[in-house]
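A look at the structure
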Amino acid sequence: MNQFLKVYKILMKEYGPQGWWPLLEHKGSNPTASGRITGYHPGDYSLPKDDHQIFEICVGAILTQNTAWPNVERALLNLRRLGALNPERILSLEEDKLRSAIRPAGYFNQKAKKLRTFSKFFLTLKGRIPLREELLSVWGVGRETADSILLYAYRQPIFVVDAYTRRVFSRLNLIMHDWDYDKIRKEFERNLPRNFETYQEFHALIVEHAKRFCKKTPECSGCPLRSLVKDESI
DNA sequence: AACCAGGACGTGA
DNA sequence: TCACGTCATGGT
């Protein structure tokens, strides 16, 4: 078994299924006592169910660019309140209303433009699965966002490389700092079973692990991956 | 109170 | 290509 699979097994045993991508609107996503939405669906890989949920994931993928998820969740709730979690309504909303709705997610000027641009693109698809190149040609959609959309909204076996992935796996000496995005992505895809369920779960597990232990300044005490680190002095 | 968060784009070298 | 500045809110 290769090192990537070992990491996957350890993280899965440690944290369990993560249930990504979180969705606001699906059966069972009721507000909790804290007023938050529990949109996670551990072990259920059948989502998204319809075009509406597909679009919601795309919007979340854009809003979460360099932004903490709770802020994105607020923005999504605002959009839902306006009935604007669909491309038609995002395009017909007044500029100021769109901006103020997504304000909690930060970069609201840029992201308002990105959501408009993407909404137009989404309508041209008419339900078809987009190509990676098509997504990358959309202004505001870079490699990670494109791959997040393909993996979580369209269930395509494309691995998502984010800042957490780079951090965790370079510390494990399994990737090098000078590797570009696609080299890292292909390295994951080469070492893992090529199904979208594994990719979805692994990416979510890496995020969880990075938040708990592999922070910017690492907290290695108690890290479940310590046995895999070559440099035992860490 | 600085630092960070599930990046992408525009610019100049 | 590539390094760097810009964009912005909210939690810790």
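So, here is what we can say about the structure in this document. This structure is a prediction, so every number in the text was calculated from the model and none was measured. (Residues numbered from 1 in each chain as written. Chains lettered and ligands numbered in written order. Predicted model: local features only at pLDDT ≥ 70, side-chain atom pairs only at ≥ 80, totals over all residues. Heavy atoms only, no water.)

Turning to the protein's contact with DNA strand B, a few remarks are in order. By nearness alone, 24 residues border DNA strand B, and Trp 21, Gly 140, Thr 145, Tyr 164 and Arg 167 come closest of all. Within 4 Å of the protein, atoms of DNA strand B come from sugar and phosphate in 71% of cases. The backbone of Asn 66 places a nitrogen or oxygen atom 3.0 Å from a sugar or linking oxygen of DNA strand B. Residue assignment for the surface near DNA strand B shows that the elements contributing at least two residues are helix H6 (108-125), helix H8 (143-153) and helix H9 (163-171). Partitioning the surface near DNA strand B into residue classes produces 10 nonpolar, 8 polar and 6 charged. (Near = heavy atom within 4 Å. Polar contact = N/O pair within 3.5 Å; in protein donor to acceptor, adjacent residues only side chain to side chain. Helix = DSSP H or I, 4+ residues; strand = E, 2+ residues; numbered from the N terminus. Nonpolar A, V, L, I, M, F, W, Y, C, P; charged D, E, K, R; others polar.)

This next bit is on the environment of Val 160. On the secondary structure map, Val 160 appears in the loop between H8 and H9. With relative accessibility at 0%, the residue Val 160 sits in the buried group. Put simply, Val 160 and Gly 127 are 33 residues apart on the chain and 22 Å apart in space, counted from C-alpha to C-alpha. (Buried < 20%, exposed > 50% of the residue type's maximum accessible area, 1.4 Å probe, protein only.)

This paragraph deals with the nonpolar core. In this structure, Leu 63, Phe 118, Phe 169 and Phe 202 are the most contacted members of the largest nonpolar core, which totals 76 residues. If sequence neighbours within four positions are ignored, Phe 202 has contacts with Phe 4, Val 7, Tyr 8, Leu 11, Phe 159, Phe 169, Phe 188 and Leu 192. (Core = buried A, V, L, I, M, F, W, Y, C linked by side-chain atoms within 4.5 Å. Contact = heavy atoms within 4.5 Å.)

For the rest of this paragraph, the subject is empty space enclosed by the protein. Rolled over the atoms, a probe with the dimensions of a water molecule shows which regions are left empty. According to the stated counting rule, one finds 2 cavities of 30 Å³ or more in the structure shown. The calculated volume of the largest cavity comes to roughly 40 Å³. For the largest cavity, the full set of lining residues is Trp 20, Trp 21, Leu 23, His 41, Asp 44, Tyr 45, Leu 47, Pro 48, Ile 57, Tyr 152 and Gln 200. Among the residues forming the lining of the largest cavity, the class breakdown is 8 nonpolar, 2 polar and 1 charged. What the second largest cavity holds in volume is close to 30 Å³. Together, Gly 19, Trp 20, Tyr 45, Tyr 152, Gln 200, Glu 201 and Ala 204 line the second largest cavity. Considering each element in turn, the lining of the second largest cavity owes the most residues, 3 residues, to helix H11 (residues 196-212). Along the lines of polarity and charge, the residues of the lining of the second largest cavity split into 4 nonpolar, 2 polar and 1 charged. (1 Å grid on protein atoms, 1.4 Å probe; cavity = no way out; pocket = protein on both sides within 12 Å on 5 of 7 lines; lining within 4 Å. Points joined across faces, edges and corners; volume = space filled by probe spheres on them.)

Here we come to the protein's contact with DNA strand C. Around DNA strand C, the structure places Asn 66, Asn 71, Arg 74, Arg 103, Pro 104, Gly 106, Tyr 107, Phe 108, Asn 109 and Gln 110. In DNA strand C, atoms within 4 Å of the protein come 62% from sugar and phosphate. Within the side chain of Arg 74, a nitrogen or oxygen atom sits 2.6 Å from a phosphate oxygen of DNA strand C. Here a phosphate oxygen of DNA strand C and a backbone polar atom of Phe 108 are 3.3 Å apart. Looking at the surface near DNA strand C, the elements with two or more residues in it are helix H3 (69-81) and H6. The element contributing the most residues to the surface near DNA strand C is H6, with 3 residues. Of the residues belonging to the surface near DNA strand C, the class tally is 3 nonpolar, 5 polar and 2 charged.

For the rest of this paragraph, the subject is the layout of surface pockets. In this structure, the largest pocket spans a volume of roughly 700 Å³. Along the wall of the largest pocket there are 22 residues; nearest its centre are Thr 64, Thr 67, Glu 144, Asp 162 and Tyr 164. Breaking the lining of the largest pocket down by element, the ones donating at least two residues are H8, H9 and H11. With 4 residues, H11 is the largest single contributor of residues to the lining of the largest pocket. Grouping the constituent residues of the lining of the largest pocket by class yields 10 nonpolar, 8 polar and 4 charged.

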